[in-house]
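Chains, contacts and geometry: an overview
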Amino acid sequence: DGLVDEVSLLTDIKQENLRNSVCPIKLVLTKLHKLGFKIIHLTVKLLPAWHKILEALKMRVTTLPWDVSTCWNLTFDMVKYALRH
């Protein structure tokens, strides 16, 4: 298939540095993913509260896109939405 695991080509120290530098990003994405899931699936409590917050801020009432872990476009959309809100 022509794919190369670039990380495996790094030294152990560089692999560890890479993991450490990516960890905060992974944590933020995980939290956004969980928040999106809760807003969408706990519609009785969180969704109305989210809508009230957006209305109070005079923002268009929308919902955080909830991504699929293998779909990068949705992950990008989720991060872009979070940065705007």
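Structural data are supplied above this passage.
On a predicted model such as this, the values are computed, not experimentally measured, just so you know.

Brief notes about the overall build of the chain
A tally of helices and strands in the chain yields 3 helices and 0 strands. When the helices and strands of the chain are listed from N to C terminus, the series reads α-α-α. Taken over C-alpha atoms, the radius of gyration comes to 17 Å for the chain, far larger than the 12 Å a tight globule of 85 residues would show. Projected onto its principal axes, the C-alpha positions of the chain cover 50 × 30 × 20 Å. Looking at the chain as shown, the accessible area adds up to about 7,000 Å², and 65% of this sits on carbon and sulfur atoms. Here the chain carries 12 positive and 8 negative side-chain charges, and the mean point of each set is 16 Å from the other.

Some details on the side chain of Gln 15
Along the polypeptide, Gln 15 turns up in helix α1 (residues 12-41). Those residues in contact with Gln 15 that lie beyond four places of it in its chain are Val 7, Ser 8 and Leu 10.

Regarding the environment of Leu 57
You can see Leu 57 is positioned in the loop between α2 (46-56) and α3 (72-84). When its relative accessible area of 54% is taken as the criterion, Leu 57 is described as exposed. Taking the C-alpha atoms as reference points, Leu 57 and His 85, 28 residues apart in sequence, are found 9.7 Å from one another.

Calculation rules
Residues numbered from 1 in each chain as written. Predicted model: local features only at pLDDT ≥ 70, side-chain atom pairs only at ≥ 80, totals over all residues. Heavy atoms only, no water. Helix = DSSP H or I, 4+ residues; strand = E, 2+ residues; numbered from the N terminus. Rg over C-alpha atoms; globule rule 2.2 N^0.38 Å. Areas by Shrake-Rupley, 256 points an atom, 1.4 Å probe, with all protein chains shown as cover. Lys, Arg positive; Asp, Glu negative; His and termini not counted. Charge placed at Lys NZ, Arg CZ, Asp CG, Glu CD. Contact = heavy atoms within 4.5 Å. Buried < 20%, exposed > 50% of the residue type's maximum accessible area, 1.4 Å probe, protein only.

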